[in-house]
Amino acid sequence: MSIKVTIGGAMTRLVLACLMMVSVSHHGVVAGESERFVCTTLLASGNPQYPPLLWRSDRSPGELVGAIPAFLRELTEPLGVKVEVRDKGSWARVQHLAKLGDLDLVAGAFMTSERIGYMDYVLPPMTHLPTNVWVPKDRPFEYRHWPDLLMKRGSTLINNSFGQRFDQYAKANLMIEGVRTIEQSFLMARAGRVDYVLYEQLQGQVKLQRLGLAGDFIALDPPISREGLFFAFPKGSPCNSESFREAFMERLSHLTVNRRLPTLIEEYTARYVGNQDL
């Protein structure tokens, strides 16, 4: 399991402060310039198990669809840069490709100490996502804090991360099996092979509705974490120039202030749950 910095923690505050100072010091560099970006097509990918934000297209194999691809195209179109949001395999593989510089953008990633080493994050985060302990409705257990998960078996996606403090605690104390698809995790829990599933609240809700299992699981409170979700440029990508990041950041800030992503999330939640062919 990878290590992720909890938003609000001391390390994250320091990292975000440094990123903000860089952003402020260069703010406005691109605005008003007629410079052509070296990158005219942006190859992006992300977690294909992330509806309504990202999921595999039924109509166009090899593509990812959802609220984030729609949001990303609105963001980059005024910059004259085209976007291809491709299905590159599992979330673990996407992270590996980002390390190699074989992607131009990771379309949705939590901030972790490891990922900071090979990606440049763009402020602000596009949204914040709580992660819950999901359990079969007929086999709930008392959960108030992390130690309540001791001696229980959990499951989640390979290389998923839920905050540095939780990840460290989980690595030392918890039994959590990583699998390639979150459907596997939920089916394992329903069959009694694991006691709980760790997954984001929004994504868990819509995934279970699509699977017809919404009535079979409940999300326990409180969430184990609440993390900022970011766009991030792999350091090895030729598209990762200072001028493009600044222009990208300005567009992201504008759309965030106008709450464009929440509107798209509502739209694509209805599409995913309704099994519309995208």
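Remember, predicted model here, so these are calculated numbers, not experimental data.

Caption draft 1: Structural context of the overall build of the protein chain. Counting its regular elements, the protein chain contains eight helices and 11 strands. Within the protein chain, the fraction of its 278 residues that count as buried is 51%. For the protein chain, contacts bridging at least 24 residues in sequence account for 75% of all contacts bridging at least 6.

Caption draft 2: Fine view of the pattern of salt bridges. A full pass over the atoms with the stated rule returns 13 salt bridges. Here D58 and R210 are joined by a salt bridge, their closest N and O atoms 3.7 Å apart. Of the two residues, D58 sits in the loop between β3 (54–56) and β4 (64–65) while R210 sits in helix α6 (residues 201–211), which places them 152 residues apart along the sequence. On the accessibility criterion, D58 (47% relative accessible area) is partly exposed. The exposure class of R210 is partly exposed, given its relative accessible area of 26%. Where salt bridges share partners, they join D120, K235 and R245 into one cluster.

Caption draft 3: Representation of the sheet that holds strand β7 (residues 119–136) within the structure. Pairing is mixed across the open sheet formed by eight strands, whose spatial order is β5-β1-β6-β11-β7-β10-β8-β9. Edge strands, defined here as strands with exactly one partner in the open sheet, are β5 (82–85) and β9 (175–179). Looking at each pair of strands side by side, their axes are set apart by 30 degrees on average, direction ignored. Relative to strand β10 (residues 196–200), β7 runs antiparallel, the two being bridged by four bridges. Considered in β10, the bridge of V133 is made with L198.

Caption draft 4: Focus on the state of the cysteines. On inspection of all chains with the given rule, the structure shows one disulfide. Shown here is the disulfide that connects C39 with C239, its sulfur atoms set 1.9 Å apart. Disulfide C39-C239: the torsion about the S-S bond is 65 degrees, which places it as right-handed. Of this pair, C39 sits in the loop between α1 (10–26) and β1 (41–45) while C239 sits in the loop between β11 (217–234) and α7 (242–257); the two residues are 200 residues apart in sequence, bridging distant segments of the chain. With respect to burial, C39 and C239 carry one shared label: buried.

Caption draft 5: Local environment of the pairing of β10. The buried count for β10 comes to five of five residues, which makes it a mostly enclosed element. Where burial is concerned, the two faces of β10 agree: the one with Y196, L198 and E200 and the one with V197 and Y199 are both buried. Relative to β10, strand β8 (residues 153–157) runs parallel, the two being bridged by two bridges. Counted as the bridge partner of S155 is V197 from β10.

Caption draft 6: Broad picture of the sheet that holds β4. Sheet architecture is open: three strands sit in the order β2-β3-β4, paired in antiparallel fashion. Looking at the sheet topology across the chains shown, the edges are occupied by β2 (49–50) and β4. The pairing of β3 with β4 spans two bridges and is classified as antiparallel. Bridge pairing links W55 to V65 in β4.

Caption draft 7: Expanded view of the environment of I116. If you trace the backbone, I116 turns up in the loop between β6 (105–110) and β7. Taking relative accessible area as the criterion, I116 reaches 26% and is therefore assigned partly exposed. Sequence separation between I116 and P234 is 118 residues; the distance between their C-alpha atoms is 9.4 Å.

Caption draft 8: Inspection of the nonpolar core at higher detail. If you look at the biggest cluster of nonpolar residues, it comprises 55 residues, and the most contacted ones within it are L42, F71, F231 and F248. Among the nonpolar cores identified, the runner-up in size contains 15 residues, and V133, F141, L174 and L220 belong to it.

Caption draft 9: Representation of helix α3 (residues 91–100) in the model. Taken together, the buried positions of α3 are occupied by W91, V94, Q95, L97 and A98. The arc that holds the buried residues of α3, viewed along the axis, is 160 degrees, so those residues lie on one side. Residues of α3 that are buried sit in contact with β1, β6, β7 and β11. Backbone geometry just after α3 places G101 at a positive phi near 80 degrees.

Caption draft 10: Looking closely at the packing of α6 against helix α8 (residues 260–273). Contact pair α6 / α8: the axes reach a minimum separation of 9 Å and the direction vectors enclose 25 degrees. In terms of orientation, α6 and α8 fall into the roughly parallel class. Residues L202, V206, K207, Q209 and R210 of α6 form the contact with α8, whose own contacting residues are I265, T269, Y272 and V273. Here the contact of α6 with α8 is built from residues that sort into five nonpolar, two polar and two charged.

The rules behind each value
Residues numbered from 1 in each chain as written. Predicted model: local features only at pLDDT ≥ 70, side-chain atom pairs only at ≥ 80, totals over all residues. Heavy atoms only, no water. Helix = DSSP H or I, 4+ residues; strand = E, 2+ residues; numbered from the N terminus. Buried < 20%, exposed > 50% of the residue type's maximum accessible area, 1.4 Å probe, protein only. Contact = heavy atoms within 4.5 Å. Salt bridge = Lys/Arg side-chain N within 4 Å of Asp/Glu carboxyl O. Pairing = 2+ DSSP bridges. Axes fitted to C-alpha atoms, helices over the stretch in contact; angles between N-to-C directions. Disulfide = S-S within 2.5 Å. Core = buried A, V, L, I, M, F, W, Y, C linked by side-chain atoms within 4.5 Å. Arc of directions from axis to C-beta. Parallel < 35°, antiparallel > 145°, perpendicular 65-115°, else oblique. Nonpolar A, V, L, I, M, F, W, Y, C, P; charged D, E, K, R; others polar.

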